[in-house]
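Single-letter residue listing:
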There are 2 protein chains.
Amino acid sequence: MQTETDILSTTFAALADPTRRAILARLAGGEATVTELAAPFKLSLPAISKHLRVLQRARLIEQGRQAQWRPCRLNPAPLRDAADWIGQYRRHWEESFERLDSYLREIQHDQQQDKEEHDDRDPHRPR
Amino acid sequence: MQTETDILSTTFAALADPTRRAILARLAGGEATVTELAAPFKLSLPAISKHLRVLQRARLIEQGRQAQWRPCRLNPAPLRDAADWIGQYRRHWEESFERLDSYLREIQHDQQQDKEEHDDRDPHRPR
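So, how was this worked out
Residues numbered from 1 in each chain as written. Chains lettered and ligands numbered in written order. Predicted model: local features only at pLDDT ≥ 70, side-chain atom pairs only at ≥ 80, totals over all residues. Heavy atoms only, no water. Helix = DSSP H or I, 4+ residues; strand = E, 2+ residues; numbered from the N terminus. Buried < 20%, exposed > 50% of the residue type's maximum accessible area, 1.4 Å probe, protein only. Contact = heavy atoms within 4.5 Å. Areas by Shrake-Rupley, 256 points an atom, 1.4 Å probe, with all protein chains shown as cover. Axes fitted to C-alpha atoms, helices over the stretch in contact; angles between N-to-C directions. Parallel < 35°, antiparallel > 145°, perpendicular 65-115°, else oblique. Left-handed = near helix turned anticlockwise from the far one by under 90°. Nonpolar A, V, L, I, M, F, W, Y, C, P; charged D, E, K, R; others polar.

Q: Is there a simple way to explain the overall build of chain A in this structure?
A: When helices and strands are tallied, chain A shows six helices and two strands. From first element to last, N terminus to C terminus, chain A shows the α and β order α-α-α-α-β-β-α-α. Across the 127 residues in chain A, those meeting the buried criterion constitute 33%. Look at the contacts in chain A between residues 6 or more apart in sequence, and 49% of them connect residues 24 or more apart. Here chain A has roughly 8800 Å² of accessible surface; of this, 49% comes from carbon and sulfur atoms.

Q: How do you make sense of the packing of helix α5 (residues 77–87) of chain A against helix α5 (residues 77–87) of chain B when you look at a structure like this?
A: In a packed pair of helices, the relevant descriptors are the angle between the two axes and the axis-to-axis distance. Where α5 of chain A contacts α5 of chain B, the two axes come as close as 10 Å, and the packing angle between them is 155°. Comparing their axes, α5 of chain B and α5 of chain A come out roughly antiparallel. Here α5 of chain A runs over α5 of chain B; the crossing is left-handed. Contact residues: α5 of chain A offers Leu-79, Ala-82, Ala-83, Trp-85 and Ile-86 of chain A, while α5 of chain B offers Leu-79, Ala-82, Ala-83, Trp-85 and Ile-86 of chain B. Here the contact of α5 of chain A with α5 of chain B is built from residues that sort into 10 nonpolar, no polar and no charged.

Q: Help me understand the side chain of Thr-11 of chain A in this model?
A: Structurally, the position occupied by Thr-11 of chain A is in helix α1 (residues 4–15). The contact partners of Thr-11 of chain A, leaving out residues within four places of it in the chain, are Ala-58, Leu-60, Pro-78 and Ala-82 of chain A.

Next up, the structure:
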């Protein structure tokens with residue numbers, strides 16, 4: 001049995017590929033067969049199947065058992081766990097955004113003051 | 001320049017390792033030197049340095065420039081982007097949780113009904 005830590009690693013590794021993320025995006029709209037999933041990509045069926053195996057091992061997708069029509073569907077549970085893990089750092093990116101925001105406001109304020117000082121200058125004073 | 005898609009892949013690949021996630025968790029508590037980061041792991045300094053390089057390439061950590069004291073610190077911006085990407089699927093895991101929840105309530109309700117029917121039975125009726 002995989003530990004929780006290893007499951008997270010498997011989830012993140014499965015997400016570390018644009019084609020696999022595009023497959024998940026497609027399945028978010030509803031189940032699809034392997035052929036339907038392969039259609040938008042310039043990839044061979046074996047190449048798509050390899051990506052699907054990675055997604056299946058990570059339990060991000062499930063595939064029906066019927067021999068001919070084996071639609072794949074999204075299993076969102078590992079995504080929730082990945083979101084929970086990343087969510088621990090929310091405070092950090094919010095704080096760093098606030099710092100950037102207040103820095104930009106400060107610059108804007110300084111520029112405004114410079115402009116006002118400039119406008120207040122005696123216009124008749126020789127430059 | 002990396003495309004946005006590739007940056008996400010690099011972020012997820014960097015997160016797909018328990019040691020690297022533990023390093024980020026340590027840095028969430030404040031900046032640390034490489035030696036301090038290596039301490040809790042039974043890993044050599046070169047092994048830790050390799051993990052740090054992966055995290056740096058993914059811009060998840062930044063390292064000071066001073067030759068002797070080069071503390072690493074967390075850069076949370078790529079985590080925010082990864083959270084945004086996963087967040088698109090929130091609706092899916094919430095719905096699937098609700099389905100599970102209503103299924104469990106249904107089972108509980110059925111069991112309660114069975115129990116009540118059983119309790120209502122005439123106790124003198126031969127079994």
